[in-house]
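Coordinate analysis (summary)
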Amino acid sequence: LVKILIAGTALTTLPLTLAYAGASTNNSAPPSSTILNGQVDFHVQQSTLNVNVTDAAGNVSGQSVAGGNAVDITTMSNTEVTNNQYVSSVNVGADMNANVHNVNGTVGLSSQAVCNSASVSMDPTSTNVYSNQECNAVDPSATLNANVGNIGNDVSLASTAVGNTFEEDTNAKYGAVQNYQINNSNVYSTANTNVANVAGNVSVTAAAIGNTAQIVHY
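Calculation rules
- Residues numbered from 1 in each chain as written.
- Predicted model: local features only at pLDDT ≥ 70, side-chain atom pairs only at ≥ 80, totals over all residues.
- Heavy atoms only, no water.
- Helix = DSSP H or I, 4+ residues; strand = E, 2+ residues; numbered from the N terminus.
- Polar contact = N/O pair within 3.5 Å; in protein donor to acceptor, adjacent residues only side chain to side chain.
- Pairing = 2+ DSSP bridges.
- Axes fitted to C-alpha atoms, helices over the stretch in contact; angles between N-to-C directions.
- Core = buried A, V, L, I, M, F, W, Y, C linked by side-chain atoms within 4.5 Å.
- Buried < 20%, exposed > 50% of the residue type's maximum accessible area, 1.4 Å probe, protein only.
- Contact = heavy atoms within 4.5 Å.
- 1 Å grid on protein atoms, 1.4 Å probe; cavity = no way out; pocket = protein on both sides within 12 Å on 5 of 7 lines; lining within 4 Å.
- Points joined across faces, edges and corners; volume = space filled by probe spheres on them.
- Nonpolar A, V, L, I, M, F, W, Y, C, P; charged D, E, K, R; others polar.
- Phe/Tyr/Trp six-rings, centres within 6.5 Å; stacked < 30°, edge-to-face > 60°.

1. What to know about the side chain of asparagine 83
Following the sequence through the fold, asparagine 83 ends up in strand S5 (residues 79–87). A distance of 2.8 Å separates polar atoms of two side chains, one belonging to asparagine 83 and the other to asparagine 37. A polar atom in the side chain of asparagine 83 sits 3.4 Å from the side chain of glutamine 85.

2. Examining the sheet that holds strand S9 (residues 141–151)
Ordered by their spatial adjacency, four strands build an open sheet running S3-S6-S9-S12, and the pairing between neighbours is parallel. Each of the sheet's edge strands pairs with one partner strand only, and the pair in question is strand S3 (45–56) and strand S12 (188–198). The mean angle between the axes of side-by-side strands here comes to 0°, regardless of whether they run parallel or antiparallel. Inspection of the sheet shows S9 paired to S12 by 10 bridges, in the parallel sense. Opposite leucine 144, over in S12, you have alanine 191 as the bridge partner.

3. As for the nonpolar core
Val60, Val100, Val103, Val107, Leu109, Val148 and Leu157 are the most contacted members of the largest nonpolar core, which has 16 residues in total. Put simply, the parts of the chain that give this core at least two residues each are S3, strand S6 (92–103), strand S7 (107–122), S9 and strand S10 (155–170). Discounting residues that sit within four places of it in the chain, leucine 109 has contacts with Gly62, Met96, Ala98, Val100, Leu144, Ala146, Val148, Ser156, Leu157 and Ala158.

4. Observations regarding unusual backbone geometry
Located in the positive-phi region is aspartate 55, a residue other than glycine, with phi close to 65°. Note that aspartate 55 resides in strand S3. The phi torsion at asparagine 197 lies on the positive side, around 55°, for a residue other than glycine. When you line up the elements, asparagine 197 lands in strand S12.

5. Regarding the side chain of asparagine 116
Relative to the helices and strands, asparagine 116 resides in strand S7. Given a relative accessible area of 0%, asparagine 116 falls into the buried group. In terms of polar contacts, asparagine 116 uses its side chain to reach the backbone carbonyl oxygen of glutamate 134, at 3.0 Å. There is a polar contact of 2.9 Å between the side chain of asparagine 116 and the side chain of asparagine 164. Apart from residues lying up to four places away in sequence, asparagine 116 is in contact with Asn69, Gln85, Tyr86, Val87, Gln133, Glu134, Cys135, Gly163, Asn164 and Thr165.

6. What to know about the layout of surface pockets
Of the pockets and cavities examined, the largest pocket occupies roughly 190 Å³. The wall of the largest pocket is formed by 13 residues, among which Val65, Gln112, Val114, Ser117 and Thr165 lie closest to the centre. Mapped by element, the contributors of at least two residues to the lining of the largest pocket are strand S4 (60–75), S7 and S10. The leading source of residues in the lining of the largest pocket is S4, at six residues. Residue composition of the lining of the largest pocket, grouped by class: six nonpolar, seven polar and no charged.

7. Considering the environment of asparagine 132
Here asparagine 132 shows up in strand S8 (residues 126–135). Relative accessible area serves as the criterion here: at 22%, asparagine 132 is assigned to the partly exposed category. Spatially, the C-alpha atoms of asparagine 132 and asparagine 83 are 6.1 Å apart, while their sequence positions differ by 49 residues. Those residues in contact with asparagine 132 that lie beyond four places of it in its chain are Asn83, Asn84, Gln85 and Tyr180.

8. Some remarks on the packing of aromatic side chains
The full count for this structure, using the stated rule, is two aromatic pairs. Here tyrosine 130 and tyrosine 180 contribute two aromatic rings whose centre-to-centre distance is 5.7 Å and whose plane-to-plane angle is 50°, an arrangement assigned as tilted. With tyrosine 130 in strand S8 and tyrosine 180 in strand S11 (residues 174–183), this residue pair connects regions lying 50 residues apart in the sequence.

9. Comments concerning the environment of glycine 93
If you trace the backbone, glycine 93 turns up in strand S6. Linking glycine 93 and proline 140, residues 47 residues apart in sequence, is a C-alpha distance of 5.7 Å. Those residues in contact with glycine 93 that lie beyond four places of it in its chain are Gln45, Gln46, Ser47, Ala66, Ala113 and Ser141.

Shown next as structure tokens:
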């Protein structure tokens, strides 16, 4: 996991030797920050959470998360960003087994498995973003097994598995984005739930996604 925060300074993160590849620059507003991020994962990533809760006066929250590569970049200056993420592992898996009963508040349980994740947020005059993500894991998978009963408020249960996810937002007047995503993996999401006697709302979701991207320019 890499987190980068820049406010008027230049910072370069270079875990690997990379050939820089970016979008065309805007000559009227040259970059004041250059960020190169390279991440490679070859190993198993497995997260397992077993939860047993009975008689809780407040809220209950549990989350099992497994990820191959993740980067979160935030800048306030003109920035060139190059992001390369590659996963080739046996699996990326997140499992949760939960028994929750007699809770006065809310209950929120989730399992999430992601091969590659990148988030870029910038508030400058110009930006250029190049992102390349490749997921070659055998099976990013998320499983949620939950027995929930006698809950005094809302219940939210979610299982999510994703190959590649990318999001970028900026207020820049000039902004170029190149986003490439390849998913060669099987993606599985399973939610097995038993819910009874809930005073509030109940939400249960299972989502399996190969590639997803969200780009917002204000």
